[in-house]
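Structural features, examined
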There are 2 protein chains.
Amino acid sequence: MAGHLQPIKLDSYRPLRELVCECIRQAITDGTFSPGERLMEIQLADEMGVSRTPVREAIRKLELEGFVVMIPRRGTYVADISIRDITEIYEIRACLDELAAGLAAERITDDELETLNRLLVEFGQYITAGDMEKIVEVDTAFHEVLYTASRNARLHSIINNLREQVTSIRGRSMSYPGRLNDTMNEHRILVDFIAARDVEGARNAARVHIENAEHTLMQSITPSR
Amino acid sequence: MAGHLQPIKLDSYRPLRELVCECIRQAITDGTFSPGERLMEIQLADEMGVSRTPVREAIRKLELEGFVVMIPRRGTYVADISIRDITEIYEIRACLDELAAGLAAERITDDELETLNRLLVEFGQYITAGDMEKIVEVDTAFHEVLYTASRNARLHSIINNLREQVTSIRGRSMSYPGRLNDTMNEHRILVDFIAARDVEGARNAARVHIENAEHTLMQSITPSR
DNA sequence: TAAAATAATATTGTATACACGATTTTAAAT
DNA sequence: ATTTAAAATCGTGTATACAATATTATTTTA
């Protein structure tokens, strides 16, 4: 096993299974658990200081979200992401992000537009400062506002899920030379189209952005082949 | 409570939670449980002759799939579908079915194409015979082959989930005058474009089909307003 | 020594027991 | 009669216990 999990702090009012689920998901996306690694219920439960019951329910959820793979009677394994997976995910995302951008161009509020512009400025500042943690935070906030502006909660959650499925490897893509600035520029273009209420322009900008992101991700995964 | 559930037959090798999950999902989609109805774990467990554990895990899954809504410490309720939900779902489906049709036009095998044509013929025969059960069966098989042909398993499962979320009310849409024949014709057009490997044509046909299905569904839900 | 069979162990699947919180019912007071 | 408070009831949340199965280790046999 790669690393440790911190014990669950049950200060919250939320069900344990939720906390446990987030804890394991976090551990998967931040690399504490490696792809293919086996997750054993008793071990996880002990490390987090809870019983197997909430752990099991959390694992069921993670299975649906695609973070783990369950083989009945055999156990649970951290999902391994393949080239094929990335292709599938970005095939769908190109389509859904295009949809979301078009809807946002029609439905976004002035407040949200202002927030997007502010986040873009912050994004640039953190690139200059080289603060990776903040960059990820601002990027996440940016997409959150964008997808909210589509006014389609299901669309929002489907895209979020697809995004999360590649978070474990997105780090590599972000450290790809020049990719951060490209990302910012592509976001800038997208926001400008949305601000102009140009649906077609926004859709194209979104598609281009996703296709570039996929391309970089692929490059950073298969570096020297 | 509306109706009864049959006890789970554990002839199978699959985990109980899977069987229980399908049983409850079936009961929701076929109307045994009404929207808004409360689902109580002990009661469900007793009716199916199992313990609460697999029932709970099944409910977690159904929550992720959108069939039930859980309020912590309060209970589980059958999800109620609203006009807003339908709008959201079909907004996404128009986009994803378009994608799937385009991919299928590129990737379908001759065998699959043959199957689609055969299913279309059967569809027409069952319309003439007025056999609703068989119509649903053939329709499901048709879409299954189509989405498989897209060669994108995630896309397949996302669309399937969106489809299932409206199954509880799709019955009304299917009994809408003339809709079945329209459906068949639209499928015919789609298959012809796919057979001709015409990606753009297939995409358009798919979009039109979904938009029409949504329109009919809306009509049949708000009949006299 | 290698392969197969059998025993031991570990882990998942399911059931049950207990704890906590919410809701409802009942009683009392205004 | 209505409102409030308290207690009882009911259901979910969590923990633990038991059963079934898969894996590993060991022993036996070729």
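Shown above is the structure to which this text applies.
Residues numbered from 1 in each chain as written. Chains lettered and ligands numbered in written order. Predicted model: local features only at pLDDT ≥ 70, side-chain atom pairs only at ≥ 80, totals over all residues. Heavy atoms only, no water.

Some points on the protein's contact with DNA strand C
Close to DNA strand C lie 22 residues; Tyr13(A), Leu16(B), Ser51(B), Thr53(B) and Arg74(B) are nearest. When atoms of DNA strand C within 4 Å of the protein are sorted by moiety, sugar and phosphate together comprise 67%. Here Arg56(A) contributes a side-chain N or O atom positioned 3.1 Å from a phosphate oxygen of DNA strand C. The backbone of Leu16(B) places a nitrogen or oxygen atom 2.6 Å from a phosphate oxygen of DNA strand C. (Near = heavy atom within 4 Å. Polar contact = N/O pair within 3.5 Å; in protein donor to acceptor, adjacent residues only side chain to side chain.)

Some thoughts on the protein's contact with DNA strand D
What surrounds DNA strand D is a group of 22 residues, the closest being Leu16(A), Ser51(A), Thr53(A), Arg74(A) and Tyr13(B). Looking at DNA strand D alone, sugar and phosphate atoms form 67% of those within 4 Å of the protein. One of the backbone N or O atoms of Leu16(A) is found 2.6 Å from a phosphate oxygen in DNA strand D. For the surface near DNA strand D, the secondary-structure elements that each account for two or more residues are α1 (16–29) and α3 (52–65) of chain A together with β1 (38–39), α2 (41–48) and α3 (52–65) of chain B. Tallied by class, the residues present in the surface near DNA strand D amount to 9 nonpolar, 3 polar and 10 charged. (Helix = DSSP H or I, 4+ residues; strand = E, 2+ residues; numbered from the N terminus. Nonpolar A, V, L, I, M, F, W, Y, C, P; charged D, E, K, R; others polar.)

Things to note about the relation of the copies chain A and chain B
Overlaying chain A with chain B gives an RMSD of 0.1 Å, the required rotation being 180° about an axis along which the chain moves by 0.1 Å. Here the transformation between the copies is reduced to the relation of a two-fold axis. Among all C-alpha atoms of chain A, that of Glu57(A) lies closest to the rotation axis, at 3.1 Å. A share of 100% of interface residues in chain A that are also interface residues in chain B marks the association as one of identical surfaces. (Least-squares fit on C-alpha atoms with pLDDT ≥ 70 in both. Contact = heavy atoms within 4.5 Å.)

Quick word on the nonpolar core
Tyr90(A), Leu96(A), Leu155(A), Tyr90(B), Leu96(B) and Leu155(B) are the most contacted members of the largest nonpolar core, which totals 42 residues. Of all elements in the fold, only α4 (83–107), α7 (153–164) and α10 (199–221) of chain A together with α4 (83–107), α7 (153–164) and α10 (199–221) of chain B reach the threshold of two or more residues within this core. With sequence-adjacent residues up to four places away left out, Leu155(B) is seen in contact with Ile92(A), Leu96(B), Leu99(B), Ala100(B), Leu103(B) and Ser150(B). (Core = buried A, V, L, I, M, F, W, Y, C linked by side-chain atoms within 4.5 Å. Buried < 20%, exposed > 50% of the residue type's maximum accessible area, 1.4 Å probe, protein only.)

Some words on unusual backbone geometry
In terms of backbone geometry, most residues other than glycine have negative phi values and most peptide bonds are trans. Unusually for a residue other than glycine, Arg197(A) sits at a positive phi of about 60°. In this fold, Arg197(A) is placed in the loop between α9 (179–195) and α10. The exposure class assigned to Arg197(A) is partly exposed, which follows from its relative accessible area of 36%. Positive phi is not limited to glycine here, since Arg73(B) has a value of about 65°. With respect to the secondary-structure elements, Arg73(B) resides in the loop between β2 (68–71) and β3 (75–78).

A short note on the pairing of strand β3 (residues 75–78) of chain A
Residue and element names in this part refer to chain A. Two strands pair when backbone bridges link them, and strand β1 (residues 38–39) and β3 are joined in this way by 2 bridges, in the antiparallel orientation. Looking at β3, one finds that Leu 39 is bridged to Thr 76. Here strand β2 (residues 68–71) runs beside β3; their pairing, made up of 4 bridges, is antiparallel. The residue bridging Val 68 from the neighbouring strand is Val 78, located in β3. (Pairing = 2+ DSSP bridges.)

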